[in-house]
Amino acid sequence: MSYLAKNYNRKKISFKHGKGSYLFSTDGKKYLDMLSGIAVNSLGHAHPKLIKTIRDQSKKLWHVSNAFQIPEGEKLAKKLCQKTFADYVIFQNSGAEATEAAIKIARKYFYSIGKPNKTKILCIKNSFHGRTLATIFASGSKKMTEGFGHVGGFQHFVFGDHKSLKKKITKNTAAIMVETIMGEGGIKVIPDWCLKGLRKLCDKKKILLILDEVQCGISRSGDFFAFEKSKVKPDIVPIAKGIGGGFPIGAVLMNKKVAIGMTPGTHGSTFGGNPLAMAVGNTVMDIVSTKKFLNNVKKSSKYFFFHLNKLKKRYPNIIKEVRGRGLLIGVQLSVDQNKFIKKLMDNRLLTIRAAENVVRILPPLNVKIKEIDIALKIIDKVCSETK
Ligand SMILES: *Cc1c(COP(=O)(O)O)cnc(C)c1O
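Residues numbered from 1 in each chain as written. Predicted model: local features only at pLDDT ≥ 70, side-chain atom pairs only at ≥ 80, totals over all residues. Heavy atoms only, no water.

Trainee: I'd love a proper account of the packing of aromatic side chains, names of residues and values included.
Mentor: Scanning the model with the defined rule gives five aromatic pairs in all. With centroids separated by 5.9 Å and ring planes inclined at 85°, the aromatic side chains of Phe 15 and Tyr 31 adopt a geometry described as edge-to-face. Taken together, the residues Phe 15 in strand β1 (residues 15–19) and Tyr 31 in strand β3 (residues 30–33) connect sequence positions 16 residues apart. Given the relative accessible area of 34%, Phe 15 is considered partly exposed. When the centroid spacing of 4.9 Å and the interplanar angle of 65° are considered together, the rings of Tyr 109 and Phe 110 count as edge-to-face. Overall, Phe 110 belongs to the buried group, its relative accessible area being 2%. Against the face of Phe 154 rests Arg 107, its NZ or CZ located 5.9 Å from the ring centre. Here the guanidinium or amino end of Lys 118 rests over the ring plane of Phe 110, the centre of that ring lying 5.4 Å away. (Phe/Tyr/Trp six-rings, centres within 6.5 Å; stacked < 30°, edge-to-face > 60°. Helix = DSSP H or I, 4+ residues; strand = E, 2+ residues; numbered from the N terminus. Buried < 20%, exposed > 50% of the residue type's maximum accessible area, 1.4 Å probe, protein only. Lys NZ or Arg CZ within 6 Å of the ring centre and 35° of its normal.)

See below:
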């Protein structure tokens, strides 16, 4: 019997250790891990540089209060700002905390400039921004909010419905918050021209643009941020998942303009930005943000997409669409996703579901071509055995 509450429908499998793209189960089986703890293990398991970083830092200092200067955090914040649109960073411990902080920053900005009624955040219906009380209501998902009372302040529009989006902006709207690539929602990419349109619309209406890059950011898309290619500059960007490579880190990045609201005492976190987490974040950042690393992600992505699309041609009654960007890949099926994922797992390939009957494939960003080949072979086999 388990003493864990039943808020997860867990698969009957547990792991003893991991190495690179592989996980080894307690019953002695070797699995190719193509979900990476949901876009978290960006460098795979037991990366030697991350092991060394944790080992070295753990001997020095784990935690001090944010009442003091934390040089490791200063260093990571500088790297993030120099690499991106951002001027300032606040560190958190998770994605939901980061998106929640993003909402606070947007509201506080308008409060600071004498517009306290501008509080509403406009989000995509059935999006995903985390599981805190506020962020579940940001999702506009009945399934996630049912039974949890009500938190106001969010409005919703349907993905791709530009007309309704424009109509929903009122004088009380503070920001539009969207995932650049919807993860849980089924790997739906907001095209670059749409991101440009969103920026323009926000400028025209004098509201803020928040791009949630918790899942698609940190080189997952083949660019450090998924919005980079569009040349759009958002105002606020929450990140998490991949930046810690498995260590819990969240952060919210912002420009100078909106940072004026973040005066002493307005926001905080006991654990956020502690030296141990920051040491890990610095190492991950140093590895995943180089041009060479990103080019390699792009190369692996191209290879994966090319061959998945070949499988789609071969199995048109099983694979409906292959979508996503970089190594954030969604395979939309015409057959039952759960049975398909189970069969992949029986063949030692780990993936995870997303909405719209999508199988999500999220390998470590340093996945090898020969590992992609193994995954493709298993997907091919499962397709051939599926009616
Ligand atoms: C996972 C995710 C979150 C929430 O992150 P947690 O660390 O689970 O709180 C928020 N936004 C997006 C887009 C995510 O994919």
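The discussion continues.
Trainee: An account of the site of the ligand is requested, with residue identities and associated values reported.
Mentor: The full set of residues close to the ligand is Ser 94, Gly 95, Ala 96, Phe 128, His 129, Gly 130, Glu 179, Asp 212, Val 214, Gln 215 and Lys 241. With respect to the ligand, the backbone of Phe 128 contributes an N or O atom lying 3.4 Å from a nitrogen atom. Split by residue class, the shell around the ligand holds three nonpolar, five polar and three charged. (Near = heavy atom within 4 Å. Polar contact = N/O pair within 3.5 Å; in protein donor to acceptor, adjacent residues only side chain to side chain. Nonpolar A, V, L, I, M, F, W, Y, C, P; charged D, E, K, R; others polar.)

Trainee: I'd love a proper account of the sheet that holds strand β15 (residues 349–350), names of residues and values included.
Mentor: Reading across the sheet, the four strands line up as β1-β2-β3-β15 and stay open at both edges, with mixed pairing between neighbours. The open sheet has two edge strands, β1 and β15, and neither has a second partner. Of the strand pairs in this sheet, strand β2 (residues 22–25) and β3 are connected by three bridges, and their pairing is antiparallel. Among the inter-strand pairings, Leu 23 is bridged to a residue of β3, identified as Tyr 31. (Pairing = 2+ DSSP bridges.)

Trainee: Run through the packing of helix α12 (residues 337–346) against helix α13 (residues 369–385), naming residues and quoting values.
Mentor: Between two packed helices, what matters for the description is the angle formed by their axes and the separation of those axes. The interhelical angle for the contact between α12 and α13, taken along N-to-C directions, is 125°, at an axis separation of 10 Å. Relative to α13, the element α12 is oriented oblique. Relative to α13, α12 is oriented so that their crossing is right-handed. Residues Phe 340, Lys 343 and Leu 344 of α12 touch α13, and the partners they reach there are Ile 378, Ile 379, Val 382, Cys 383 and Glu 385. Per-class residue counts for the contact of α12 with α13 are six nonpolar, no polar and two charged. (Axes fitted to C-alpha atoms, helices over the stretch in contact; angles between N-to-C directions. Parallel < 35°, antiparallel > 145°, perpendicular 65-115°, else oblique. Left-handed = near helix turned anticlockwise from the far one by under 90°. Contact = heavy atoms within 4.5 Å.)

Trainee: I'd like a description of helix α8 (residues 192–205), backed by residues and values.
Mentor: Taking 1.5 Å as the rise per residue, α8 with 14 residues should run 20 Å; its terminal C-alpha atoms sit 20 Å apart, in good agreement. Positive backbone phi, approximately 55°, marks Lys 206, located one or two places after α8. (Expected span 1.5 Å × (residues − 1).)

Trainee: Explain the pairing of strand β6 (residues 154–157) residue by residue, including any values.
Mentor: Going residue by residue along β6, you find Phe 154 and His 156 tucked away on one face and Gln 155 and Phe 157 tucked away on the opposite face as well. Where strand β5 (residues 120–124) lies against β6, four bridges are found, and the strand directions are parallel. Along β6, the bridge assignment pairs Cys 123 with His 156.

Trainee: Give a detailed account of the layout of surface pockets, specifying residues and quantitative values.
Mentor: Space inside the second largest pocket adds up to approximately 700 Å³. Lining the second largest pocket are 25 residues, with Asn 66, Glu 74, Val 89, Ile 90 and Phe 91 sitting closest to its centre. Broken down by secondary-structure element, the contributors of at least two residues to the lining of the second largest pocket are α3 (71–83) and β4 (88–92). Split into classes, the residues belonging to the lining of the second largest pocket amount to 12 nonpolar, 11 polar and two charged. (1 Å grid on protein atoms, 1.4 Å probe; cavity = no way out; pocket = protein on both sides within 12 Å on 5 of 7 lines; lining within 4 Å. Points joined across faces, edges and corners; volume = space filled by probe spheres on them.)

Trainee: Would you mind going over the environment of Ile 136 in detail, with residue names and values included?
Mentor: Within the element layout of this structure, Ile 136 appears in helix α5 (residues 133–139). Looking at Ile 136, the relative accessible area reads 4%, which means it is buried. Along the primary structure Ile 136 and Phe 225 are separated by 89 residues, whereas in three dimensions their C-alpha atoms are 24 Å apart. When sequence neighbours within four positions are dropped, the list of residues in contact with Ile 136 reads Gly 130, Arg 131, Met 144, Thr 145 and Phe 148.

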